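One letter stands for each residue in the lines below.
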Amino acid sequence: MSNTTIFCCIIFYISNDYFFFVKVAVYFLMDSWIQELRFPHLSIPITIDSIDSVSPITESNPNTTLYLSNLDDMIGVRVFTPTVYFYRATGSKHHQESVMQVLKDSLSRVLVPYYPFSGRLRETENGKLEVFFGPNQGALLVEAHSDVALEDLGDLTVPNPAWIKLIYKFPNEEQYKVIDMPLLIAQVTKFTCGGFSLGLRICHCLCDGLGAMQFMKAWAETVKAGCLVVNPKPTWGRETFRPRDPPAIEFPHAEFKKLEDGSSLTRSLWEVKPVQKCYRITHEYQARLKRSAQLYGADFSCSTFDAMAAHVWKSWVKALDVTPLDYELRLTFSINTRHKIKNPPLKDGFYGNALCVACATSTVERLIHGSLNETARLVNSVRLGISERYVRSTIDYVELNRPKRLEFGGKLSITQWTRFCIYESGDFGWGRPVYAGPIDLTPTPQVCLFLPEGGGSEAGGAMVLCICLPEYACCRFKELLSLKPGTGPQT
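Residues numbered from 1 in each chain as written. Predicted model: local features only at pLDDT ≥ 70, side-chain atom pairs only at ≥ 80, totals over all residues. Heavy atoms only, no water.

Concerning the overall build of the protein
Put simply, the rule is: Each helix is a run of DSSP H or I of at least 4 residues and each strand a run of E of at least 2, with the numbering of both proceeding from the N terminus. In this scheme, a residue with accessible area under 20% of its type's maximum is buried, one over 50% is exposed, and one in between is partly exposed, where area comes from a 1.4 Å probe on protein chains only. By definition in these notes, contact holds between two residues if any of their heavy atoms fall within 4.5 Å. Here, Shrake-Rupley sampling with a 1.4 Å probe gives the accessible areas, and only protein chains in the shown set may cover a residue.
Scanning the protein from terminus to terminus reveals 13 helices and 16 strands. Within the protein, the proportion of its 491 residues that are buried is 55%. Put simply, 82% of the contacts in the protein that link residues at least 6 apart link residues at least 24 apart. Of the roughly 21000 Å² of accessible surface on the protein, a fraction of 53% belongs to carbon and sulfur atoms.

In structure tokens form, the structure reads like this:
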């Protein structure tokens, strides 16, 4: 037993105070529990070699239009989700063949059951989106190369904004444009070492994160098998989420409300370009934080997400030194509602948006001076409050109001990717990707990501936390996140 362990045990015995034990343990172990991950600033040379349209190998879109639910059509999902997958050179059969041709052939097969990805979006008279089909559509597959090797890109386990060139964007493309755009855009970039990247942009209106994983798994399994493999069979099923007649808004829906920009928060994040920061959070730290959040509440079943979200929110507000203290802030995060929908239930294979936005509200003063337990309870209560009634009310709210702009006032949004099988679903036969996930948070600096760490079982349940901060707040945020002495009590 190490001297550190003995010392901690003595303190625990003498004080008989569990939280004091946690604080002492954190003091000695914080450097190994939370590690800042640094990435190099790069300029990656990219040459586009070809741009091809990929359509289903057989006619599979008998309908001229497809209905999108209001969950598919919320302003927050009218975006493309960019991700990148890195693969090292291998001696496998699939790698020796033309990567581009293999991906193209398999994609044309997968687009038969997933034919909506070959269509386009358009607005109807009331501003609602729908999928339509016509000539000269299909997914987009781009072939590119770079005159550098994968090792020249630095650490491939940390999201790096410089990788944005590995994702294809049209020249002069408007931000947030989804109308008349290919709904699936893939770029294969080959490197001099024989490795390559697969950069994807998938329109969020067609699928949420779990739906995207379902599609990626089908594509990958089809590559490995050399024939179409879809399990489960995809179903559209958006009619399950039609609004009620008449629509009935049963909840306040703070997630959609506009807040007047009366604090220093938005100004501090948008007036100067924030920097993206990433931290490796060990499983041990997450577990200890969860126990600390629940320390004085035996009737409170705190999840790891509740504790982490509360701690990050509090640390973020303190690091940014938000004023005034009576200003009300919001924390939003998405809840997967698949298991909550009973009337009627969603069919297996549904890949559309089944997400509902949960929203916690608190004053700056309550976040700064309140306990971690109190904030975690708040997160927990709004998370558990997302019921089927809440989902139906959300659908009806969008039907009657149809918000036209994203509201950033006083808000931090946390997106949890740790439950996605992104590494497993990205195995096309070349092995698990070295990295799979997002790239650049800086265009939307009020977003925080919880990402799974690569490496399979070797990761040990660690997560990678990515967030944007102005330079002046970076050191303070890391100190608060690490619970370093002098940053104030968290319980």
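And the narrative resumes.
Description of the sheet that holds strand E6 (residues 129–132)
By definition, the strands of a sheet pair up through backbone hydrogen bonds, in either a parallel or an antiparallel sense. We count it as follows: Two strands make a pair as long as DSSP finds a minimum of two bridges between them. Only the contacting stretch of a helix is used when fitting its axis, a line to C-alpha atoms as for every element, and angles between N-to-C directions run 0 to 180 degrees.
The strand order across the open sheet built from three strands is E3-E6-E5, with neighbouring strands paired in antiparallel fashion. Every interior strand has two partners, whereas the edge strands, strand E3 (65–67) and strand E5 (120–123), have only one. Sheet twist, expressed as the average angle between the axes of neighbouring strands with direction ignored, equals 40°.

What to know about the packing of helix H8 (residues 304–320) against helix H10 (residues 372–384)
Test applied: Should an angle fall under 35 degrees it is called roughly parallel, over 145 degrees roughly antiparallel, and 65 to 115 degrees roughly perpendicular, with every other angle called oblique. Two helices that cross are described as forming a left-handed crossing if the nearer one is turned anticlockwise from the farther one by less than a right angle, and a right-handed crossing if clockwise. When residues are grouped by polarity, Ala, Val, Leu, Ile, Met, Phe, Trp, Tyr, Cys and Pro land in nonpolar, Asp, Glu, Lys and Arg in charged, and all others, Gly among them, in polar.
For the pair H8 and H10, interaxial distance at closest approach is 8 Å and the crossing angle is 120°. When the axis of H8 is compared with that of H10, the two are oblique. Both H8 and H10 take part in a crossing whose hand is right-handed. Contacts from Phe305, Asp306, Ala307, Ala309, Ala310, His311, Trp313 and Lys314 in H8 reach Leu372, Thr375, Ala376, Leu378, Val379, Asn380 and Arg383 in H10. Tallied by class, residues from the contact of H8 with H10 come to nine nonpolar, three polar and three charged.

Some remarks on the nonpolar core
Rules: Only buried residues count toward a nonpolar core. Its members are Ala, Val, Leu, Ile, Met, Phe, Trp, Tyr and Cys residues joined through side-chain atoms within 4.5 Å.
Counting 82 residues, the largest nonpolar core has Phe86, Phe117, Leu121, Trp163, Trp219 and Phe428 as its most contacted members. Tallying contributions element by element places helix H5 (residues 209–225) first for this core, with eight residues. If sequence neighbours within four positions are ignored, Phe117 has contacts with Leu111, Ala139, Leu183, Leu184, Ile202, Leu206, Cys207, Phe215 and Tyr351. One finds Phe241, Cys356, Val364 and Met463 within the second-largest nonpolar core, a separate group that totals 66 residues.

Any functional reading would require information beyond the geometric quantities listed.
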